[in-house]
Every structure is written in C-alpha cells, then in structure tokens.
2 protein chains.
Amino acid sequence: MSAGYDLEAEIQFTLSALAGDDPGADFQDWWAERHRAGYFNVTRIPFAELDKWRFEPDGGNLVHESGRFFAVEGLRVRNGEALWSRPIINQPEIGVLGILVKEFDGVLHCLMQAKMEPGNVNTLQLSPTVQATRSNYTRIHRGANTRYLEYFRESRGQVLVDVLQSEQGAWFWHKSNRNMVVKVTEDVPEHEDFHWLTLHQVRALLGTDNFINMDARTVLSCMPFAHPRGTRGDAFSEALVRSYEHDPELALHPLERILSWLIEAKTRCEWNSRLIPLSQIEGWSKGEDEITDDEHRDVRVIAVSVEAGTREVTRWTQPLLAPRGVGLAAFLARPIGGVLHLLVQARPEPGLLDVVEMAPTVQLMSHERDGGPYVNDVLAARPGQVRYDAVQSEEGGRFHHAQTRYQVIEVGEDFPAEVPENYCWVTVRQLMSLLRHGQYLNIEARSLLACVHSLW
Amino acid sequence: MSAGYDLEAEIQFTLSALAGDDPGADFQDWWAERHRAGYFNVTRIPFAELDKWRFEPDGGNLVHESGRFFAVEGLRVRNGEALWSRPIINQPEIGVLGILVKEFDGVLHCLMQAKMEPGNVNTLQLSPTVQATRSNYTRIHRGANTRYLEYFRESRGQVLVDVLQSEQGAWFWHKSNRNMVVKVTEDVPEHEDFHWLTLHQVRALLGTDNFINMDARTVLSCMPFAHPRGTRGDAFSEALVRSYEHDPELALHPLERILSWLIEAKTRCEWNSRLIPLSQIEGWSKGEDEITDDEHRDVRVIAVSVEAGTREVTRWTQPLLAPRGVGLAAFLARPIGGVLHLLVQARPEPGLLDVVEMAPTVQLMSHERDGGPYVNDVLAARPGQVRYDAVQSEEGGRFHHAQTRYQVIEVGEDFPAEVPENYCWVTVRQLMSLLRHGQYLNIEARSLLACVHSLW
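**Quick notes on the overall build of chain A**
Move 1: Scanning chain A for helices and strands turns up 11 helices and 25 strands.
Move 2: Over its C-alpha atoms chain A spans a radius of gyration of 22 Å, differing by no more than 12% from the 23 Å that the globule rule assigns to 456 residues.
Move 3: Accessible surface computed for chain A: about 17900 Å², of which carbon and sulfur atoms make up 46%.
Move 4: Looking at chain A, you have 45 positive and 63 negative side-chain charges, and the mean spots of the two groups are 3 Å apart.

**Some thoughts on the packing of helix 6 (residues 214-221) of chain B against helix 11 (residues 443-453) of chain B**
Residues and elements named next belong to chain B.
Move 1: Orientation of helix 6 relative to helix 11, taken along the N-to-C sense of each, is 70°, at an axis distance of 8 Å. Accordingly, the angle class assigned to the pair helix 6 and helix 11 is roughly perpendicular. Crossing geometry of helix 6 relative to helix 11 is assigned as left-handed. Residues Met214, Arg217, Thr218, Leu220 and Ser221 of helix 6 form the contact with helix 11, whose participating residues are Ile443, Arg446, Ser447, Leu449, Ala450 and His453.

**Remarks on the packing of aromatic side chains**
Move 1: Overall, the coordinates contain 36 aromatic pairs over all chains when judged by the stated rule.
Move 2: A ring pair is formed by Phe69(A) and Phe70(A), whose centres lie 5.1 Å apart and whose planes are at 55°; its orientation type is tilted.
Move 3: Classification of Phe69(A) by relative accessible area gives buried; the value is 11%.
Move 4: Aromatic pair Tyr148(B) and Tyr151(B): ring centres 6.3 Å apart, planes at 35°, arrangement tilted.
Move 5: Judged by relative accessible area, which is 4%, Tyr151(B) ranks as buried.
Move 6: The rings of Phe27(A), Trp30(A), Trp31(A) and Phe211(A) are connected pair by pair, giving a single aromatic cluster.
Move 7: The cationic tip of Lys286(A) hangs over the ring face of Phe55(A); the distance from NZ or CZ to the ring centre is 3.6 Å.

**Comments concerning the pattern of salt bridges**
Move 1: Per the counting criterion, the structure on display carries 60 salt bridges over all chains.
Move 2: In this structure, Glu270(B) and Arg68(A) form a salt bridge, with 3.2 Å as the shortest nitrogen-oxygen distance. One end of the pair, Glu270(B), is in the loop between helix 8 (255-268) and strand 14 (272-276); the other, Arg68(A), is in the loop between strand 3 (62-64) and strand 4 (71-79), on a second chain.
Move 3: The class of Arg68(A) is partly exposed, set by a relative accessible area of 27%.
Move 4: Between Glu394(B) and Arg217(B) there is a salt bridge, and its shortest N-O distance comes to 3.5 Å. In this pair, Glu394(B) is assigned in the loop between strand 23 (386-393) and strand 24 (403-410) and Arg217(B) in helix 6, connecting sequence segments 177 residues apart.
Move 5: With a relative accessible area of 0%, Arg217(B) lands in the buried category.
Move 6: Beyond isolated ion pairs, a larger network of salt bridges with shared partners links Arg44(A), Asp289(A), Glu290(A) and Arg300(A).

**Some words on the relation of the copies chain B and chain A**
Move 1: The transformation that overlays chain B on chain A combines an axial shift of 0.0 Å with a rotation of 180°, and the residual RMSD is 0.0 Å. Read as a symmetry element, the transformation amounts to a two-fold axis. By C-alpha distance to the rotation axis, the residue of chain B lying nearest is Leu353(B), at 3.3 Å.
Move 2: Interface overlap between copies is the fraction of interface residues in one copy that are interface residues in the other; for chain B against chain A it reaches 100%, indicating a shared surface.

**Focus: the confidence of the model for chain A**
Move 1: Here chain A averages 92 in pLDDT, and 95% of its residues register 70 or above.
Move 2: For this predicted complex, the interface confidence score (ipTM) comes to 0.91, while the overall pTM stands at 0.93.

**Some thoughts on the interface of chain B and chain A**
Interfaces are often sized by the amount of accessible area the parts lose when they come together.
Move 1: Contact with chain B, which involves 32 residues of that partner, is made by 33 residues of chain A.
Move 2: Our enumeration of links across chain B and chain A arrives at 20 residue pairs in polar contact (both at pLDDT 80 or more).
Move 3: Broken down by secondary-structure element, the contributors of at least two residues to the side of chain B that touches chain A are helix 3 (134-137), strand 10 (158-166), helix 8 and strand 14 of chain B.
Move 4: In terms of residue count, the dominant contributor to the side of chain B that touches chain A is helix 8 of chain B (8 residues).
Move 5: Taken together, the residues that form the side of chain B that touches chain A break down as 11 nonpolar, 7 polar and 14 charged.

**Points about the environment of Leu321(A)**
Move 1: Inspection of the secondary structure assignment puts Leu321(A) in strand 18 (residues 313-322).
Move 2: Distance in space between the C-alpha atoms of Leu321(A) and Val63(A) is 14 Å, their sequence separation being 258 residues.

**Observations concerning the side chain of Glu73(B)**
Move 1: Structurally, Glu73(B) can be placed in strand 4 (residues 71-79).
Move 2: In terms of polar contacts, Glu73(B) uses its side chain to reach the side chain of Arg274(A), at 2.9 Å.
Move 3: Filtering out sequence-adjacent residues up to four positions away, Glu73(B) remains in contact with Arg274(A), Asn61(B), Arg86(B), Pro87(B), Ile88(B), Asn90(B), Leu275(B), Ile276(B) and Leu278(B).

**Comments concerning helix 8 (residues 255-268) of chain A**
All names here are of chain A.
Move 1: Across its 14 residues, helix 8 extends 20 Å between first and last C-alpha, which sits within 8% of the 20 Å expected from 1.5 Å per residue.
Move 2: Of all 14 residues in helix 8, 10 are buried; the element is thus mostly enclosed.
Move 3: What helix 8 keeps buried is the set Ile258, Leu259, Ser260, Trp261, Leu262, Ile263, Glu264, Ala265, Lys266 and Thr267.

**Here's the deal with the pairing of strand 5 (residues 82-90) of chain A**
Residue and element names in this part refer to chain A.
Move 1: Where strand 4 meets strand 5, 9 bridges bridge the pair, whose relative direction is antiparallel. Within strand 5, the position partnered with Val77 by the bridge is Trp84.
Move 2: Where strand 4 folds back onto strand 5 in an antiparallel hairpin, the turn is made up of 2 residues, including Gly80, whose phi is positive at roughly 65°.
Move 3: One ladder, built from 2 bridges, connects strand 5 with strand 11 (residues 172-173); its direction is parallel.

**Notes on the environment of Gln131(B)**
Residues and elements named next belong to chain B.
Move 1: Its location among the elements puts Gln131 in strand 9 (residues 130-132).
Move 2: By relative accessible area, which is 11% here, Gln131 ends up buried.
Move 3: Note: C-alpha distance between Gln131 and Met112 (19 residues apart in sequence) is 11 Å.
Move 4: Not counting the four nearest positions on each side in its chain, Gln131 is found in contact with Val96, Leu97, Lys115, Glu117, Asn136, Asn213, Asp215 and Glu395.
Move 5: Within the structure, the side chain of Gln131 is placed 3.0 Å from the side chain of Asn213, a separation counted as a polar contact.

Parameters and conventions
- Residues numbered from 1 in each chain as written.
- Chains lettered and ligands numbered in written order.
- Predicted model: local features only at pLDDT ≥ 70, side-chain atom pairs only at ≥ 80, totals over all residues.
- Heavy atoms only, no water.
- Helix = DSSP H or I, 4+ residues; strand = E, 2+ residues; numbered from the N terminus.
- Rg over C-alpha atoms; globule rule 2.2 N^0.38 Å.
- Areas by Shrake-Rupley, 256 points an atom, 1.4 Å probe, with all protein chains shown as cover.
- Lys, Arg positive; Asp, Glu negative; His and termini not counted.
- Charge placed at Lys NZ, Arg CZ, Asp CG, Glu CD.
- Axes fitted to C-alpha atoms, helices over the stretch in contact; angles between N-to-C directions.
- Parallel < 35°, antiparallel > 145°, perpendicular 65-115°, else oblique.
- Left-handed = near helix turned anticlockwise from the far one by under 90°.
- Contact = heavy atoms within 4.5 Å.
- Phe/Tyr/Trp six-rings, centres within 6.5 Å; stacked < 30°, edge-to-face > 60°.
- Buried < 20%, exposed > 50% of the residue type's maximum accessible area, 1.4 Å probe, protein only.
- Lys NZ or Arg CZ within 6 Å of the ring centre and 35° of its normal.
- Salt bridge = Lys/Arg side-chain N within 4 Å of Asp/Glu carboxyl O.
- Least-squares fit on C-alpha atoms with pLDDT ≥ 70 in both.
- pLDDT = per-residue confidence, 0-100.
- Polar contact = N/O pair within 3.5 Å; in protein donor to acceptor, adjacent residues only side chain to side chain.
- Nonpolar A, V, L, I, M, F, W, Y, C, P; charged D, E, K, R; others polar.
- Expected span 1.5 Å × (residues − 1).
- Pairing = 2+ DSSP bridges.

Structure (structure tokens):
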C-alpha cells in the first residue's frame, strides 16, 4: 500500500485523467496542493497489532473497545434448504452524508471535500461536505469536530434532500446513512480541504475513474434538480431528457405497478438472514492477518495501520473488508416510446433491511459467478452502445481497494421490452420519485443513477 | 376460554352492540348463522402437549417442525448502557391481507369474511377477504386452498392498494404483510363465510368493540378513497374533512419537513436489537405451561389446542402471546388553521425493521408504565372531546385476548402547537400520502387511522 508510493506521479496521473472534464486550473492547483499537504500512510498489520480492537472471547466478533464504531460479525443466510454464512460489518448507527450547496451568480455550487480514506486505491477522493458516522460526530474517537456539520444538524439552510439510504447489502448489516443536501445563502468559510464546484463540474468529474467517492455519488443521485438538458441532440440524449421530464402516462408502467412488482419480488424471496457470532461462520478461516473463505474468491477481512494528517499526524488501526477483484454494475437503457427506460432488477442482498431493493440490470460482486440473464448484453456491447463507462471506488473507510465498473449500455427498440419477473423497465423520473424514500434503490443503482445524471 | 361458553348469548351480545351501526337484518342473519355453523374450541395446554412444535435443544427457541410458520425466539435490545431481553415472534415471510372490492349500483362494496382465530376474545370477527401467511397459501399446513387468493396473486382486477406494512414491533421481529385492495367488475361467487358490505357499513362497524379485526383495520387504513364528507357540520367535522382535502400549504409542516423529523428521530434513537436464543433471555422463566417475566407484567407465552371447523373439524396446537391487560392508543386531534391535525409520535419498537415509526400520540402496551407527556390529556378528556372510543382486538392468530382501547381526543386551538421533539402535527392527507409506502405508520397508528376514516 505505501510501498513504492510516488506522490507526484499520482497527482500527475489523476490530473491528466481529468483532462476531458477539467474544472479549471484553480481546481487542479487546489487538488495537487491537498495531495501534497496531506500525509497518509496505510500498512497492513496482523490482527494482533490492532489497537483498541479485539476478537471477543465469547463468539469471536471483531469489536472496538468502545462498543461502538463498527464490528465484524457473522451473517447466516437461509434460503429454503440452502444455508451459507460469511463475515459482515455491523454498524448500527446512522451517519450523515451531506452536500452543502449555494448559488454563486445564479449557478448552483457544491462544497466538496478532498478526503483521504485508508481503503482508497488512490489516497484522495472528492467527497461530500460532511461524511460522518454518528460515532464521529458525537466524538467517540475524540477527534476534531466535523466541519460544516452544523448546517446539517441544525436548521441552517433549506433542506433540499433528506433521506435514509442503504449501503452495500453484501457487506453491511442493515446499514443506512442520511443523505442530505442543504442550500444556504449566507457566507460559508471555505476551509482548505474544501472547494466550491458547480454541480455541472461535479457531475462531469464522474467521468473520471475513482475520483468522486461513493458517499458523494449516493448524495448526487438524490439531487432532483438541474438535470441534463441534452446538448448532443442525438436520439439517445433526447430520450434521456424525456426520461426526466415525461408525462407520467408515457412511462411503460405506472409507478404503482412498479411498487407492486417490487413487493411481489420481496414476497417471492425467502432469504432469511441473521447475525451470528463470527466464530460460527462456516467455510471461512482466520489466519494471523486475514479471514478468508476457503475458495479464496470472496472478500477478506484484513487489518491496517493508518498514519494520517496535515500539520498534526494521527495514528489508528482498524479492520477493512478487502474484495479480490473489480465488481460490475450496469444499466441497460432503452428508449420506449421516445422515453429512455432503465432496466432495474429486484435483487436480494442479505444485509439489506428488507432484503430486496432495486439494483442495476447487471450487478456482479467481484466474487460472484451468476450475473443473471443480461450479463452478455453488457459484456458484448459495441463501443457505440456504451454511454457511460468508469471504474468507481466503494467506501474507503470500510473497504480496501473496492472498485466497481459502472456502465450504461444503450439498447435499441428491437431489444425485448418483455423481461423476466425480477426485472422492470423504469424511467429516471420514476426512480427520482422513489428516491424521496429509503429502501427502494440499492447503493449500486444510486451510484449508477448519479452517473446517468452526468450524461449530457 | 371454552369454559362456560354460551354461543347464543355471544351472538345476542354482539348483535345488540351493533345497534347503532346496523348494516341490516340480512347481515345480522348471516353473522348469527356463521356463529352457529362454526365449531371452535380453544383450550390451554402445557407446552409438552404441543404437537409438531418443540423447544429446540440448542438455544431453546420454540419452533414448528416444518421450520416455517413462525417461531418464538429471544430478542435482546441495547440502548446505550441499558440492556433488556424478551420473547418475540419471528415469522420471516410476507403474508397477504387483501380486501376485494366491487361496485354494486355505483356503491363500493367490500367482500368481508367471518373468521375465527384462536386468540379472539369473541371467537368470530370480521376480516379481510384474504388473510393468509405465505405458509398458508403455499400450503405448508396442508389445509384447504385460500379462497379468493387468486384475485390478489394473479392480475385479476385493478390493484388500488398494494403496500408492505409492519405489525406490532413489540411482539414481532421484522414482520410485514402485504396490504392489498383489488377492485373487480366480474361476478364473484359469494362463499358462505363471506358477505358484501358497503365501505360505509364496514367503517361504521369500527364503532363496535372487537368486531373488525386487526388485519381488516390495517387494510382499511390504506384505502384512500370514499373518505368522510362531514355530515354533522360542526367545526370538528369540517376540520376533519379539510384534513383529507386541504391544499398542501395549509398543513402546519410540509411533508418533506415531516420526513426529516422522522429521520432525525431515527438518528437519535440508539436502540440496537437482535435475535438471541430464547434460552438466553434474562428476567423470564419457563414453566410447564407458560413463559413469564419475573415481574408478571409483560406478555406470557402460552400454548393452546384448537378444534375448529364447519362440516369438517380440524385440530391443531400452537403457541400464542398473551398480554395481561388492555393497551391504549390515542390520537390527540387539533384544528390548526381550520384543518384537523393529528399528533403523531416517533416511537421506537425493538422488532420494527427500522426501529422507529410514527405511532399514536399515546401508545401504551398493557405492561408499559411510561406513556409520555400526553397521557393525562387522554385520560382526563371530557366526554365531549372523545370523538372515537372503542376497544379493538389485535391479531387473534398470534395473540391471546390482546385488546387495545383506541381513542381520538379533540383538543382546542388553545392546546399548544409546540410539541417535544419526538412529536409532530400532521394532517390525514399527509398520512395517506405516507401510507403509499411501508414503514412510516406503525400498526396502532394505522388501526387508529382506520377509525378516523369512520368518523362521519
């Protein structure tokens, strides 16, 4: 991780990758400066060197001495006769993911943060204004105050978005975070780790690999305003714009039908999952520095030591979940009656509160083998069909080098509108309406929807 | 339970109680006939006499031999330093509660069922057309087919309501049922256990104690049509009608603010609950025929033997949860700007999926001591303030003689509109909008809302 790290090369690599979506020299200077100002060193350590973390003697869960923060526990899933178990992160508290927005000269700007996370592939990513667990902001870690938190915790602006949304149901037990957008008119001091970017600029940066972090993407997905005004003028762009603005009756299915379809899928799904002690999971082994599945395909539980800071360096150790490869999340997108429809999947994930949420057409964790009936439509897409394609990072505070390839694949009007029972064509307008409530779209679908917002 | 049971006296008692809300002689004859036709005998038995049920040797959960149906397990709740545990019903499958509706001569009618449940105080209650667990309708119990299920499982009509709603969060672990209303135009055969009643008649029957069962009430609460047209013409009725029909800006709080308020309450609540083996709950003891808390205040787990049938008698045994007294659920209702507002509470219940849902202003389980700041406003209400008052039964298939007193108490414009942080004034229109989605209103709030619908 820290071995052979070349700071200037990374800065150069990142900034050169930005070329097509460049928010300007001012931003580049700030980004390079933040890279140089921060010290960040992540090293793998054996579990025995974890400080303030221990495996509980009774049950073997990996817990923090405060009893808070998060824990690595066991999860057992039963589906009829089938039974499997795995490690899972249990973090039973609601954090805040908030973007502060403000108009400058009539243009909406977002206050974005340059933030380092121990699991990031590239140290620094662009994050929401506030990204804080409840343990963070109630100061269990005795760290610094969370900057700008007061705008989200007190009524200091107009709340544009406020909704509880789930996170990875394969890796988290019942986790949800509060996604917020608050608009202010007052002057906001701009701390050196923060930078105002237009919403347009932030969305354009979604075209760059591993630049906008997961927490920013989920908040961006919920922003129902300033959506694309197709500028390319081709049929796809026109259908995309209509997908945001159509009359309700132009959607293939009314919203009520879509809700029924999702409930029907929940009813069919007989997955029953529960937490069990970590020591009771089967098919997994604990070594000195990792917990692995016996097939060596799934995530590993590892431990890292982190040194980070600017003027003052802090040190901590923590566990991380480390997947072994890159996941895939793709929407098939098809114009139906001139309105672009996205094909969503009702997908069970054992850690989701209600087990089933709407997911991308194809969602493959790096260890999964069965991506469903549309994998080949994604893998064999011609270049002209690929409307969005980037590799993005998942939460670097809990996952080590977790990356997912996000794609939007256009299919033509000859593509079957008839789909298997776990799939449904929906418009962006319908998804935005559902995003006012939690537990409809999973984190991968929301990440990908944020990318759809960037398609102008 | 069966001791000293006098069938004719019960029929007479029920029908005389109907006097004020009488749907007619035809209905009375049918109801009395259903009473006489059915044979139903419920007897308490020791746990050792349970057939097909057993306490698991490992962990002590009370389970059915099929591994399905439901189980009585342990629940442990942690709230900061506080820790408590109790028995809870785990039934990880989604059932259907459905009312079939049809217009006769332009008037909406509901196909209601006369249904016996082992825990009912009065044997027979008026139930939805379909009330079936998934185990029921996939025939785990090898009983008869569920009548009329095809209207809800196949597309045989217009789906007016379809939403997953929670049930008692104190007694059920993560239970939700599919609440449905399906409208048909075709001829529907009327089986002898079923009777068409107008929606007006069904709602009027909510004025009778223990007549409309819990499953019917929750479905009725979600029916957003044919709402009251205040006929009394007093200020309360006028404010009530406006509560259904007002312009959005006439509500005290916009809907988005109410959603934020609920999320804020969820964020504050640090209850963390999980299933544990029943043998590990503390402060409870298992005897030969009941599991009780050491203070003898809370529900007991008991076992019953049931003989039931019409022509053919079937027998089964099962556990039930038996509360020791009558619960209380009351809305304070206050006109604000001429629009009636109900005071809802953000209330944690350990078995709810997301722990906190909106509850009545006052909700007291029979064993609870602390009903919050508004208990006295309910208990000391003058008769003229009491707009609704009836004792209703909770689910007789899982609970033994579980009753709740439901009340709507009118307070005047001098009543403080400022409320503590866990409370919020909302209109009926706003609640109906939230009821299109699950996990906003708990079962007691929905039951009570169904009663509000009856206030014409």
